[in-house]
Amino acid sequence: MLDRQTVSPVDTSNGSFFAWMGRVSYRYRWLVVVIWSAILILSLLLAPRLESVLKGLGVVYAQGAAGQAEQLLKQELNLETNALVTIFQSPAGEPLASHRGEIEQTLDQIQRLDGVKTIARASDHPEYRTADGRTEYSTISLSVADTQAFPVIEQIEQRLKQRSTPSLQTFLTGEPVIDRDGQHLTQDDLRRVELLALPLTLVTLLFVFGSVVAAALPIVMGVMAVAVTSGVLAIITVQVDISVLALNLTTMLGLGLGIDYSLLIVSRFREELHPEAVEQSVIRTVDAAGRAVFFSGLTVGIGLLSLLCFPVLLLRSLGIAGAIVVFVSVAAALTLVPALLGLVGTGINRWRIVPPSSLRTGIWGAIARSTMKHSIAAVAFVTALIFVLSSPFRHARFGLGDYSILPQNVPSRQGIEVLQQAFGVGETVPILLAVSAATPGELILSKPHVATLFQLVNNLQRDSRVEDVYSLFNLDPKLNLAAYQQLYARLASLPPALATAVKNLSSPSTTLIIVKSRTGSNNDDSKALVEKLRSLSPAGLHLQVGGAIARQLDTIQVVTQRFPLVLAAMLTITFVVLCLLLNSVVLPLKAIVMNLLSMGASFGLLVFVFQEGHLHEWLNFTPLGYLDTLIAVTMFCVLFGLSMDYEVFLLCRIKEAYDRTQNNHLSVVEGVERTGGIITSAALLLILVTGAFALTSLVTVKALGLGIALGVLIDATLIRTLLVPATMRLMGRWNWWSPKFLRLDRFQFKVD
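A brief look at the structure comes next. Bear in mind the structure is a predicted one, so any value in this text is a computation, not a measurement.

## Quick notes on the overall build of the protein
Helices and strands together make up the secondary structure of the protein, namely 23 helices and ten strands. Looking at the protein residue by residue over its 752 residues, the buried ones come to 58%. Of the roughly 30,500 Å² that the protein leaves accessible, carbon and sulfur atoms contribute 61%.

## Some remarks on the environment of L245
Its location among the elements puts L245 in the loop between α7 (212–236) and α8 (246–272). Between the C-alpha atom of L245 and that of L233, which follows or precedes it by twelve residues, the distance is 12 Å. Not counting the four nearest positions on each side in its chain, L245 is found in contact with L57, T186, L314, L318, L698 and V701.

## Let's talk about the sheet that holds strand β3 (residues 135–142)
Taken together, four strands build an open sheet; the order of strands is β2-β3-β1-β4 and the sheet is antiparallel. Bordering the open sheet on either side are β2 (116–120) and β4 (169–173), each of which pairs with just one other strand. Adjacent strand axes in the sheet meet at a mean angle of 20° when their direction is disregarded. Sheet topology note: the strand β1 (residues 84–89)/β3 ladder contains six bridges and is antiparallel.

## Quick notes on the packing of helix α6 (residues 175–209) against α8
Here α6 crosses α8 at 15°, and the two axes come no closer than 11 Å. Put simply, α6 runs roughly parallel to α8. Between α6 and α8 lies a crossing of right-handed hand. In this structure, α6 uses T186, L190, E194, L198, T201, L205, V208 and F209 to contact α8, whose residues at the interface are L247, N248, T251, L255, I259, L263, V266, S267 and R270. Partitioning the contact of α6 with α8 into residue classes produces ten nonpolar, five polar and two charged.

## Side note on the pattern of salt bridges
Side-chain pairing between opposite charges can occur once the charged atoms of the two side chains come close. What the rule picks out here adds up to 26 salt bridges. Across the pair E136 and R129 runs a salt bridge whose closest N-O atoms are separated by 3.0 Å. Residue R129 is classed as partly exposed on the basis of its relative accessible area of 28%. A salt bridge links R660 to E670; the shortest N-O distance between them is 2.8 Å.

## As for empty space enclosed by the protein
One water molecule sets the probe size; rolling that probe over the atoms shows where empty space is left. Within this structure, the stated rule accounts for four cavities of 30 Å³ or more. Considered as a void within the structure, the second largest cavity measures approximately 80 Å³ in volume. Taken together, L606, F610, L624, Y626, L627, D628, I631, A632, V699, T700 and A703 make up the full set of residues lining the second largest cavity. When residues of the lining of the second largest cavity are traced back to their parent elements, those giving at least two are α19 (586–611), β10 (627–628), α21 (629–661) and α23 (699–731). With three residues, the top contributor of residues to the lining of the second largest cavity is α23.

## Concerning unusual backbone geometry
The backbone of N78 shows a phi angle near 60°, a positive value even though the residue is not glycine. Mapped onto the fold, N78 is located in the loop between α3 (65–77) and β1. Even without a glycine there, the phi angle at N620 is positive, about 60°. As for its position among the elements, N620 is in the loop between α20 (616–619) and β10. Here N620 falls in the exposed class, since its relative accessible area comes to 64%.

## Describing α6
If you check α6, its first and last C-alpha atoms are 48 Å apart, about what 35 residues at 1.5 Å a residue would give, namely 51 Å. Among the residues trailing α6, G210 stands out with phi positive, at a value near 85°.

## Structural notes on helix α17 (residues 524–535)
Residues lying three or four places apart along an α-helix face the same way, a consequence of the helix completing one turn every 3.6 residues. The end-to-end C-alpha distance of α17 is 17 Å, a good match for the 16 Å that twelve residues give at a rise of 1.5 Å each. By the burial criterion, the buried members of α17 are S526, K527, L529, V530 and L533. Projected down its long axis, α17 shows its buried positions confined to an angular sector of 155°, all on one face. By the N-cap criterion, in which a side-chain oxygen at the helix start approaches the backbone nitrogen of a residue two or three places on, α17 is capped by N523, the distance to D525 being 2.8 Å.

Rules used in this analysis
Residues numbered from 1 in each chain as written. Predicted model: local features only at pLDDT ≥ 70, side-chain atom pairs only at ≥ 80, totals over all residues. Heavy atoms only, no water. Helix = DSSP H or I, 4+ residues; strand = E, 2+ residues; numbered from the N terminus. Buried < 20%, exposed > 50% of the residue type's maximum accessible area, 1.4 Å probe, protein only. Areas by Shrake-Rupley, 256 points an atom, 1.4 Å probe, with all protein chains shown as cover. Contact = heavy atoms within 4.5 Å. Pairing = 2+ DSSP bridges. Axes fitted to C-alpha atoms, helices over the stretch in contact; angles between N-to-C directions. Parallel < 35°, antiparallel > 145°, perpendicular 65-115°, else oblique. Left-handed = near helix turned anticlockwise from the far one by under 90°. Nonpolar A, V, L, I, M, F, W, Y, C, P; charged D, E, K, R; others polar. Salt bridge = Lys/Arg side-chain N within 4 Å of Asp/Glu carboxyl O. 1 Å grid on protein atoms, 1.4 Å probe; cavity = no way out; pocket = protein on both sides within 12 Å on 5 of 7 lines; lining within 4 Å. Points joined across faces, edges and corners; volume = space filled by probe spheres on them. Expected span 1.5 Å × (residues − 1). Arc of directions from axis to C-beta. Polar contact = N/O pair within 3.5 Å; in protein donor to acceptor, adjacent residues only side chain to side chain.

Put into C-alpha cells, the structure is as follows:
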C-alpha cells in the first residue's frame, strides 16, 4: 500500500477559485446555512404546487405531421383525439339492451358534470357497439385539459361506480386517464423509493464512515437537492411545460448525486481534518474534492443539457429537471457542505456505531498490479464479456410507451384491453386520414372527389393489414359509387342516419376516414401501413395522416434525425474538456471509447430484460417487445455523464501521480489505489438509489433505473478496475501524447 504522505496536501495559498470558495464558505458559514435554509423552506412551500401543474407523460412530438393533421380535424370537424372513453360490458349471454335505461341515465349524469363538453354515444354511433351486443363504448370530450381534467375524471368514475347492476362492467380510459394514472403511480412510487433507498443508503454510509454525523450529512444533502429542485421546477412551470416523469429523474439524480458529491467532500475532509486548523482543512477539502465535484457536475450536465435539443416534452423536461438537480447538488456540495463541516469540525466523527471502512486499502493497488501484469488477458476478457453483454442490442426494436407501461391491475389499462378484445387491436389506435380538397372553395363531396375517395376506401379495405375502414364512402355495402355521388349531391335531403354521419365525418372542404389496423401501434405492419398512407397522393386532394401510430412515427423520426448531432456535440465537448483536463488526446479518446463500450453492455442487458422479457416475473412487468426510444435516449445521455464521471476521477489521480513521478506503471497503481475505495462507495450508493427505481410501477421508469444502475455497476467494475489499468499498461507513454501545436500543457487543472 502506498503511504498517504507521498502526496503533499494542496497548497491553500495558491489563490484558486475553489480554495476561495472553501474560505468564504467557512468564514461566513452561518450566513451560508441561513441562505440555504431559506431556499429549502421556500422550496418546501412551493413543491406541493408542482403536482397540480405538471403535464402528462409527454412522449410524442406534438408538432409533427400527425399533430398537424389532428389540428386540422379539430378545426374542421371539432374532433377530439384525446377524448375519454367509457366502456360498458355485460356478462356472456346477457345483451346490453337489457341495461339500456341504466346506461343512458349514467351518461346523462356525466353529461351534466362541469367540464364535460359533449358525449358521442353508441346509440348515435352503431360502430361503437359489437355485433353480439355485449360491449359498447362512448367518447367523452372535456372542456378542460391536463391536470385540470383530473377532478372531472374522478367525478365520472364515481358516476360509473354508482350503477345499480353489479354484473354490468364499466371502465374509463383514454389518454387523459392514462396520464392521470401515470402521475398517481409516479407519486406513490417516489414515496416508496425514498422509504426503501434512504435507509439502505444510510446503513451503507455508516459502514463507510462509521459515525452517525458523517453518514447523515450526505443523506441530508440528497434529500435537500430533491426538495430544492422540486421548488425550482414549481416556479419554472409557470412558463414552461414539464412532464410528470421529470419527478422520477429529479429524485433519482437528486438523491444519487447529492449523496455522492457530499460523500466525496466529507471523505476528503475527514482525511484533511486537523483539530487546530479546521478552516485550513475545509479550504484544502474544497480545493481538492471540490474540483472533482465541479468537473463531475460538468460531465453529467453535458449529457443532460443535450436532451434540450429534442422537441419532445418528456426529453426536454428531463433535461431541464436533470440540469437543475445537478446544479443544485454541485452548488450545495461546494458551499453548504463546507459550511456545515466548518460548524461540525471535529464532531464529524461523533457517535461512532461501527468501525469505519478504509477507503484506501492495499487491495486496489494489488488489483491494479495483477491486472497490468496480465494486461493482454484482462483486455481480452473484458472486451469479450462486454461484447457478449452487448449482443442482444443487435436485435433491438424501438417503439414508444403506450398503455402497456402501466401495471395490469390499473383500470385504464384494463379498459384498453377490453376494447381490443371486443373490437380488435386497431380500435384503440385508429389511423385518422384528414382528406381536404386541394383547391380552395371546392367541396369535398363533389362528384369527382367522391369517386376518388370511393376508390381509395375500396383499396384500403383490400389491404391485408387493415381490419376495418369507417368513412362516408362505405357506410352501406349495398351502395355503389353512383349511389354515393347521387346522395351527396343533395345533402339537404339525406336520410337522418346518413345526415348524422356526414355531420360527424365531414365539413365542406374536409372529410375524415378512419382506418383500423389489425396490429398494435408498435408493430412493424402498422408502421408500414401509415408510411404507405402518407405516400398516397389522391388526384385533386390533400391527404394528411394522424392518430397514435402516426404520432409515434413522427416522434421516433425526429429523435433519430437529431440524435447523431446530439451525440457528435456530446463527444466533441467531452473530448475538449478531457483534453484540457488531462493534457492528452489519447486518454480522452480511450475514455470515450470505454464509455461507449460500457453503455453498449447496459443497452444489451436492457433489451434482454425489457424487450425479450427475461426476469419479468421478478421485476413484475409485462414484456414490451421493444425498447422505448425516449427512455433509451435519456439513459444514454444520463449514463454518458455518470460513467465518464468515475473515469475522470481515476484518470485525474493517475495524471497527478504521473506528473510527479513520470512513471506510467506506478502512476496507475497509485491512481487506482487512491480512488478505488471512494469510487466504489460512490458507485454503490448510486446503484442503491437508481436500482430502487427498478421496483416502481411504470415499465419505462423501471428500465431507466435498472439501466443506469447496471451501467454504473459495469463501469465501476469491468471498466475502471480492469480495462483502464490494462490499457494504460499496454499503451505506456503513449497515454500522455498530444500534438505539440495544441500546447495542452498550458492548461493545468488539478482534480482530486
